[in-house]
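Structural characterization, general
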Amino acid sequence: MSALWSVGAGLLLLLLWVRHRGLEAVLVHHRWVFVCFFLMPLSILFDIYYHLRAWAVWRLHSAPRQHAQRVRHIQEQVREWKKEGSKRYMCTGRPGWLTVSLRVGKYKKIHKNIMINLMDVLEVDSERQVVRVEPLVSMGQLTAHLNPMGWTIPVVPELDDLTVGGLIMGTGIESSSHIYGLFQHTCVAYELVLADGSLVRCSPTENSDLFYAVPWSCGTLGFLVAAEIKMIPAKKYVKIHYEPVRGLQKICEKFTEESKKKENSFVEGLMYSLDEAVIMTGVLTDEAEQSKINRIGNYYKPWFFKHVEKYLKADRTGVEFIPSRHYYHRHTRSIFWELQDIIPFGNNPVFRYLFGWMVPPKISLLKLTQGEAIRKLYEQHHVVQDMLVPMKSLEKSIQTFHADLNVYPLWLCPFILPNNPGMVHPKGNEAELYVDIGAYGEPKSKQFEARASMRQMEKFVRSVHGFQMLYADCYMTREEFWDMFDGSLYHKLREQMNCKDAFPEVYDKICKAARH
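What you see as residue numbers is a count from 1 along each chain, following the sequence as written. Under the rules for a predicted model, residues below a pLDDT of 70 receive no local features and side-chain atom pairs below 80 are neither given nor counted, while totals for whole chains, interfaces and linings still include all residues. The basis for every side-chain value is the complete set of non-hydrogen atoms in the structure, without hydrogens or water.

**Remarks on the overall build of the protein chain**
On a plain count of helices and strands, the protein chain comes out with 20 helices and 17 strands. Relative to the 2.2 N^0.38 estimate, which gives 24 Å for 516 residues, the radius of gyration of the protein chain is 23 Å and therefore close to what a compact globule would have. Across its three principal axes, the protein chain shows a C-alpha extent of roughly 60 × 60 × 50 Å. Scored against the burial criterion, the 516 residues of the protein chain give a buried share of 56%. Long-range contacts, defined as pairs at least 24 residues apart, comprise 74% of the intrachain contacts of the protein chain with a sequence gap of at least 6. For accessible areas, the Shrake-Rupley method is used with a probe of radius 1.4 Å. Any residue's cover is judged against the shown protein chains and nothing else. Accessible surface computed for the protein chain: about 23100 Å², of which carbon and sulfur atoms make up 54%. Within the protein chain, one finds 63 positive and 55 negative side-chain charges whose respective centroids are separated by 5 Å. Secondary structure follows DSSP: runs of H or I at least 4 residues long count as helices, runs of E at least 2 residues long count as strands, and numbering of each begins at the N terminus. Atoms counted for the radius of gyration: C-alpha only. Globule rule: 2.2 Å times the number of residues to the power 0.38. When accessible area is computed with a 1.4 Å probe and restricted to protein chains, residues below 20% of their type maximum are described as buried, those above 50% as exposed, and intermediate ones as partly exposed. It only takes one pair of heavy atoms within 4.5 Å for two residues to be counted as in contact. The positive count covers Lys and Arg only, the negative count covers Asp and Glu only, and His and the chain ends enter neither. Each charge is placed at NZ for Lys, CZ for Arg, CG for Asp and CD for Glu.

Now the structure itself:
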């Protein structure tokens, strides 16, 4: 009883302090208070609900039976939109705050919202080595479903809450992408409801133009209702080798060398300054040295990027065996390194042991509760960007990131980009090795100004035939956007499938210069 009184008294004092300082001041300058006391517990409730729901669906085997009915409901909504005269564009009815993207799109308020309640794993086909899923299935949900069966997918993008639909309509990457490509390159078929209400399946051999045009289209060609993704056998551990490297030229040479080795199941780099990095290579294995097992995903463990930094500070190499699922979601607990700006003491051992089981707060809840003041603060003084550039331009790209942003750590993730049709492909006629440079945090460059600096970055990326991930803020003009991306197939299909009256163009949906 005394404990309850203490908690009650603590909450009362907290509320009085919030009232004294003002809610907006607390949310802007002491955001950790709101996150720790409200968003973290709420995130746990969200997780419990979704885990129980997924378990019930799996036990009752209800997902495949209900899928057809739900798709028909989507088709009915589209046909109803046509009967109403097709006066407005359509978009999914999923609230914007539920997406992992930090971008705030206002189009959902003026477009016709089509409700799409598709969040289940439909079928695991071990014979074909393919899993069929609905678009709102998350990466955390999918790996939890497949791993006990002895399967995983080739590319498991980092954060638990990333969804299949977002990774197809946008893009996704992981440290295995130097072998398998982007997330879209591991998909073998899509099912979509088109602007006329029809249901279409597309693959490399069936409606192939649509299959190659869907990735990066951001839902502007139709509504994704299912996807088939390749599976590969899962192994228990990832044997990971940490190697600190100093000197920008040596970093780029080592990273390029390791990225070309197909015997590496995983390749990743974390740059802690312009000339300091740790290059990590991993191999899937079922055997492990017990003394070197590191269950990095346990709530009380240090954040992964801080753990990696120890090898740099000690100037030593190291080998560990990380359980596979822990490795796939190694950056989840700290949201890469974004959480340190929200909860500065989040990696403190005391905090981890007492409250680490509640971390991370849901990105969607952070987005929902950020308010206009925080949104503007983040927009002007914070960057979350992934730029995809050819590996041959890595050194020049890092120098540009340093000059224009000066944000560290930088995430380096290699990927092979095949010469497939669609919005994103290499300049030549053959597959080419690229690298994703991820910058997340507060720029330290004295010249940083959000719009001007990002336009400078975008100009550089275009000049080396690179690409900008579309979840992030984009400042390009329409001409610059279609200079970066190949719109030939995309525009051809929008014309053929009568999309122009049904969906906005992808540029109008995502770019700040055009966004409503």
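**Concerning the packing of helix 9 (residues 248-259) against helix 16 (residues 394-404)**
Angles run from 0 to 180 degrees between N-to-C directions of axes, and those axes are lines fitted to C-alpha atoms, restricted for helices to the stretch in contact. Running from amino to carboxyl end, helix 9 crosses helix 16 at an angle of 130 degrees, the nearest separation of the two axes being 9 Å. Looking at the two axes, helix 9 sits oblique to helix 16. Taken as a pair, helix 9 and helix 16 cross one another with a handedness that is right-handed. Contact residues: Leu248, Gln249, Cys252 and Phe255 in helix 9; Leu394, Glu395, Ile398 and Gln399 in helix 16. Here the residues of the contact of helix 9 with helix 16 are counted per class, giving 5 nonpolar, 2 polar and 1 charged. When an angle is under 35 degrees it counts as roughly parallel; over 145 it counts as roughly antiparallel; between 65 and 115 it counts as roughly perpendicular; any other value is oblique. Helix crossings are classified by the rotation of the near helix relative to the far one: an anticlockwise turn of less than a right angle makes the crossing left-handed, while a clockwise turn makes it right-handed. Amino acids are sorted into nonpolar (Ala, Val, Leu, Ile, Met, Phe, Trp, Tyr, Cys and Pro), charged (Asp, Glu, Lys and Arg) and polar (every other residue, Gly among them).

**Points about the environment of Arg70**
With respect to the helices and strands, the residue Arg70 is situated in helix 4 (residues 63-83). In this structure Arg70 comes out as buried when scored by relative accessible area, which is 18%. Considering only alpha carbons, one finds Arg70 and Leu118, 48 residues apart in sequence, at a separation of 7.5 Å. Residues within four places of Arg70 in sequence aside, it is in contact with Arg53, Asn117, Leu118, Asp120 and Glu134. Contacts described as polar in this section are N or O atom pairs within 3.5 Å, which, within protein, must combine one atom able to donate a hydrogen with one able to accept it, while residues neighboring in sequence count only if both atoms come from side chains. Among the polar contacts listed, one links the side chain of Arg70 to the side chain of Gln66, at a separation of 2.7 Å.

**Side note on the UniProt feature "transmembrane region" (unreviewed entry) in the protein chain**
Those places that UniProt annotates as "transmembrane region" (unreviewed entry) correspond, in this numbering, to residues 32-52. Segment residues 32-52 splits into 100% helix and 0% strand. End C-alpha atoms: 28 Å apart. UniProt positions are given in the numbering used here, feature names are shortened, and annotations may be inferred rather than shown by experiment.

**Regarding a nonpolar patch on the surface**
A cluster of nonpolar side chains, contributed by Leu42, Leu45, Ile48 and Leu52, occupies part of the molecular surface with about 370 Å² of accessible area. Locating Leu45 in the fold gives a position in helix 3 (residues 31-60). Exposure remark for Leu45: the relative accessible area of 53% places this residue in the exposed category. Patch definition: residues above 30% relative accessible area lacking any salt bridge, with like charges linked at up to 9 Å and the nonpolar side chains Val, Leu, Ile, Met, Phe, Trp and Tyr linked at up to 5 Å. Salt bridge, as used here, is a side-chain nitrogen of Lys or Arg placed within 4 Å of a carboxyl oxygen of Asp or Glu.

**A short note on the packing of helix 16 against helix 17 (residues 450-463)**
The geometry of helix 16 relative to helix 17 is characterised by a closest axis approach of 10 Å and an angle of 170 degrees between their N-to-C directions. As summarised for this structure, helix 16 and helix 17 are arranged roughly antiparallel, according to the angle between their axes. Contacts between helix 16 and helix 17 involve Lys396, Ser397, Thr400, Phe401 and Asp404 from the first element and Ser453, Gln456, Met457 and Phe460 from the second. Considering only residue class, the contact of helix 16 with helix 17 consists of 3 nonpolar, 4 polar and 2 charged.

**Considerations on helix 10 (residues 304-314)**
Because each turn of an α-helix spans 3.6 residues, side chains separated by three or four positions end up pointing in the same direction. Along helix 10, the residues classified as buried are Phe304, Phe305, His307, Val308, Glu309, Tyr311 and Leu312. Against strand 10 (237-246), strand 11 (266-273), strand 12 (276-285), strand 13 (318-323) and helix 12 (339-342) lie the buried residues of helix 10. Looking one or two places after helix 10, you find Asp315, whose phi comes out positive at around 50 degrees.

**Points about the nonpolar core**
Tyr190, Leu210, Phe481 and Phe485 are the most contacted members of the largest nonpolar core, which totals 146 residues. Contacts of Phe485, omitting those with residues within four sequence positions, involve Trp216, Met423, Val424, Phe467, Gln468 and Leu470. The set of buried Ala, Val, Leu, Ile, Met, Phe, Trp, Tyr and Cys residues whose side-chain atoms join them within 4.5 Å is what this entry labels a nonpolar core.

**Quick word on the sheet that holds strand 15 (residues 410-417)**
Spatially, the 8 strands line up as an open sheet ordered 13-10-12-11-15-16-14-17, and their pairing is antiparallel. Strands at the two margins of the open sheet, each flanked by one partner only, are strand 13 and strand 17 (467-468). Being paired, for any two strands, means DSSP has found at least two bridges between them. Where strand 10 and strand 13 come together, 6 bridges link them in antiparallel fashion. Bridged to Val238 within strand 13 is Ile322. Along the sheet, helix 16 contacts strand 11, strand 14 (383-390), strand 15 and strand 16 (432-441); its crossing angle with strand 16, the most-contacted strand, is approximately 15 degrees.

**Remarks on the packing of aromatic side chains**
Geometry of aromatic contacts follows a simple scheme: Phe, Tyr and Trp rings, the Trp one being its six-membered ring, pair when their centres are within 6.5 Å, and the pair is stacked under 30 degrees between planes, edge-to-face over 60, tilted otherwise. Applying the stated criterion across every chain yields a total of 25 aromatic pairs. Seen from their ring centres, Tyr190 and Phe211 are 4.9 Å apart, and the 20 degrees between their planes marks the pair as stacked. Taken together, the residues Tyr190 in strand 6 (residues 187-193) and Phe211 in helix 8 (residues 208-213) connect sequence positions 21 residues apart. Taken together through their ring pairs, the aromatic side chains of Trp216, Phe415, Tyr434, Phe467, Phe481, Trp482, Phe485, Tyr490 and Tyr507 make up a single cluster. A ring is scored as having a charge over it whenever the NZ atom of a lysine or the CZ atom of an arginine sits within 6 Å of its centre and within 35 degrees of its normal. Of note, Arg330 hangs over the ring of Tyr327, and the distance from its end group to the ring centre comes to 4.1 Å.

**Quick look at the pattern of salt bridges**
Summed over all chains, the structure comprises 29 salt bridges. In this structure, Glu206 and Arg201 form a salt bridge, with 2.9 Å as the shortest nitrogen-oxygen distance. By sharing partners, the salt bridges in this structure join Asp125, Arg128, Arg201, Glu206 and Glu228 into a single network.

**A word on the environment of Glu253**
Looking at the element boundaries, Glu253 is found in helix 9. Its relative accessible area of 46% is what places Glu253 among the partly exposed residues. A sequence separation of 43 residues divides Glu253 from Leu210, and the C-alpha atoms of the two residues are 38 Å apart.

**Considering unusual backbone geometry**
Across the junction of Val359 and Pro360, the peptide omega takes the value 5 degrees, indicating a cis bond. Tracing the chain through its elements places Pro360 in the loop between helix 13 (349-355) and helix 14 (363-368). Cis rather than trans, the peptide bond between Tyr408 and Pro409 has omega equal to 0 degrees. Phi is positive for Gln129, close to 55 degrees, though the residue is something other than glycine. Among the structural elements, Gln129 can be located in the loop between strand 3 (121-125) and strand 4 (130-133). Phi is positive for Asn207, which is not a glycine, with a value near 50 degrees.

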